[in-house]
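# Geometric and topological summary
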Amino acid sequence: MVLLPGVGMRILDQTALPGAERWLDLTTVAAACEAITTLRVRGAPLLGVTAAGAMAIAAQEMGASDDALRRACRQVAGTRPTAVELSSLAEAALALALAAPEAERPGLLWRFAEAVLLRRIEQDTLLAEHGATLFAAGSHVLTHCNTGALATGGRGTALAVIQRAWELDRVAHCFACETRPLLQGARLTMWELARAGVPSTLLADSAAASLIGSGRISAVITGADRITRNGDTANKVGTLGLAIIAARFGTPFYVAAPLSTFDPALPNGSGIPIELRSAAEVTEFRGIPTAPPGANAYNPAFDVTPAALIAGIVTEAGVLRPPFGRAIRDALTRA
Ligand code: MRU
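Throughout what follows, the structure given in this document is the object of discussion. Computed from a prediction, not measured in an experiment: that's the story for all the values here.

## Quick look at the packing of aromatic side chains
Evaluation of the coordinates by the stated rule reveals one aromatic pair. Judged by centre distance (6.4 Å) and plane angle (90 degrees), the ring pair of Phe135 and Tyr254 falls under edge-to-face. Note that Phe135 is positioned in the loop between α5 (105-132) and β4 (139-143) and Tyr254 in strand β10 (residues 253-256), a separation of 119 residues in sequence. Tyr254 carries the same exposure label as Phe135, and that label is buried. The lysine or arginine in question, Lys236, covers the ring of Phe302, its NZ or CZ lying 4.6 Å from the ring centre. Over the face of the ring belonging to Phe249 we find Arg248, whose NZ or CZ atom lies 5.2 Å from the ring centre.

Following this line, the structure appears as structure tokens:
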């Protein structure tokens, strides 16, 4: 992600990876919203940066009146419901702008978006250092979806932990679930691991149970889209299954996310809105049918892992341990 103040945002189109590295300039709110809904930009922390950038674009494109910015905020925040940073950063940008004279708003919003991106980079670095301490030398770890630089604008969350631990010889090998139906694990995580030089193996999501059951996995670590006050965690669909399997075989299951992924408004995961996506993502792949015409499909993009299955939550402020209610409250208060 490159912010171009006064112009727009330059993004790497993640739908084209790993086949092509296609950069797109987003210069309208509609283009930013399209990029979010189609997953050209994705990953909870990067969605937050994108939301802040989209509000800056709105101020230059639609005018910086209260009305125009409120409309843009609703449009941006309404693109995807689960990642809390998308709405919280659009709303934070709106509140900041509304408190300033209209003429100053475009510049202010660009500086805000730049500060969000900069903070992301700093937080990811700290988070990776804390997370790397979780693994004993030579560990084999399993991850799901994509949580690297592509997903945050910084170094990443769970994948940054894995990469840092590999640099320190604590992780020897990373297994990545392909992450049906859109293959963020196969297309994006394997691409990032190869570029970083981390030894890696791809598996079908359905192979995770036997792999973890074989005892070859030292720990599972994933990212998060929203974490509630008690530690319940929404993340890419399939995460819940991995956490249950890990618990069954006594393998620690960790989550890595910045404090901005916590939603202090929600007491537990039952209130997290789960995005339901198009059936075509399950019945086709890139336009090629994988099911009979007219087949119904259930396609939630996320699921919620209960806090009881999580051994630790890695943040930029350190690793939070159960009981999470108190640990989360203290971390958010200090932040
Ligand atoms: O639908 P996506 O690809 O945006 O889902 C992404 C995930 O579930 C990630 O694990 C999460 O956003 C954390 S990214 C650091």
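From this point, the narrative continues.
## As for the pairing of strand β7 (residues 219-222)
Of the two faces of β7, both are covered, the one formed by Ala219 and Ile221 as well as the one formed by Val220 and Thr222. In this sheet, β7 lies alongside β4 in parallel orientation, the contact comprising two bridges. When the bridges of β7 are listed, Leu142 appears paired with Val220. Where β7 lies against β10, three bridges are found, and the strand directions are parallel. Following the sheet pairing, Thr222 is matched in β10 by Val255.

## A short note on the site of the ligand
Near the ligand you find 17 residues, and of these Arg42, Ala44, Arg80, Asn235 and Lys236 are the closest. Contact between the ligand and Arg80: an oxygen atom at 2.8 Å from a side-chain N or O atom of the residue. Contacts to the ligand include Asp225, whose side-chain N or O atom sits 2.9 Å from an oxygen atom. A total of 420 Å² of accessible area belongs to the ligand in isolation, and the protein chains cover 100% of it. Counting only elements with at least two residues in the shell around the ligand, the list comes to α2 (44-61), α6 (149-152) and β9 (233-236).

## Section: the sheet that holds strand β5 (residues 171-177)
Taken together, the seven strands give an open sheet; going across it, the order is β6-β5-β4-β7-β10-β15-β16, and neighbouring strands pair in mixed fashion. Since the sheet does not close on itself, it has two edges, and those belong to β6 (200-203) and β16 (318-320), each with one partner. Shown here is a sheet whose adjacent strand axes are inclined to one another by a mean of 25 degrees, direction ignored. Pairing of strand β15 (residues 312-315) with β16 involves three bridges; the strand directions are antiparallel. Within β16, the position partnered with Val314 by the bridge is Val319. Docked against the sheet, helix α7 (residues 158-167) engages β4, β5, β7, β10 and β15, running at close to 155 degrees with respect to β5.

## As for the sheet that holds strand β8 (residues 226-228)
The pairing of strands in a sheet comes from backbone hydrogen bonds and takes either a parallel or an antiparallel form. Strand order in the open sheet formed by four strands is β11-β8-β9-β14, with mixed pairing between adjacent strands. Edge positions in the sheet fall to β11 (262-263) and β14 (302-305), since each of these pairs with one other strand and no more. Here β8 runs beside β9; their pairing, made up of two bridges, is antiparallel. Across the sheet, Arg226 pairs through a bridge with Ala234, a residue of β9.

## As for the side chain of Asp303
By the element assignment, Asp303 lies in strand β14. Within the local environment of Asp303, its side chain forms a polar contact with the backbone nitrogen of Leu240, the two atoms lying 3.1 Å apart. Aside from chain neighbours lying at most four places away, what touches Asp303 is Thr233, Ala234, Asn235, Lys236, Val237, Gly238, Thr239 and Leu240.

## As for the state of the cysteines
Enumeration over the complete set of coordinates arrives at zero disulfides. Of all cysteine sulfurs in the structure, the one in Cys177 sits closest to Cys145, which takes part in no disulfide; the separation is 10 Å. Of the cysteine sulfurs around Cys177, a residue in no disulfide, the closest is that of Cys174, at 9.5 Å.

Each value, and the rule that gives it
- Residues numbered from 1 in each chain as written.
- Predicted model: local features only at pLDDT ≥ 70, side-chain atom pairs only at ≥ 80, totals over all residues.
- Heavy atoms only, no water.
- Phe/Tyr/Trp six-rings, centres within 6.5 Å; stacked < 30°, edge-to-face > 60°.
- Helix = DSSP H or I, 4+ residues; strand = E, 2+ residues; numbered from the N terminus.
- Buried < 20%, exposed > 50% of the residue type's maximum accessible area, 1.4 Å probe, protein only.
- Lys NZ or Arg CZ within 6 Å of the ring centre and 35° of its normal.
- Pairing = 2+ DSSP bridges.
- Near = heavy atom within 4 Å.
- Polar contact = N/O pair within 3.5 Å; in protein donor to acceptor, adjacent residues only side chain to side chain.
- Areas by Shrake-Rupley, 256 points an atom, 1.4 Å probe, with all protein chains shown as cover.
- Axes fitted to C-alpha atoms, helices over the stretch in contact; angles between N-to-C directions.
- Contact = heavy atoms within 4.5 Å.
- Disulfide = S-S within 2.5 Å.

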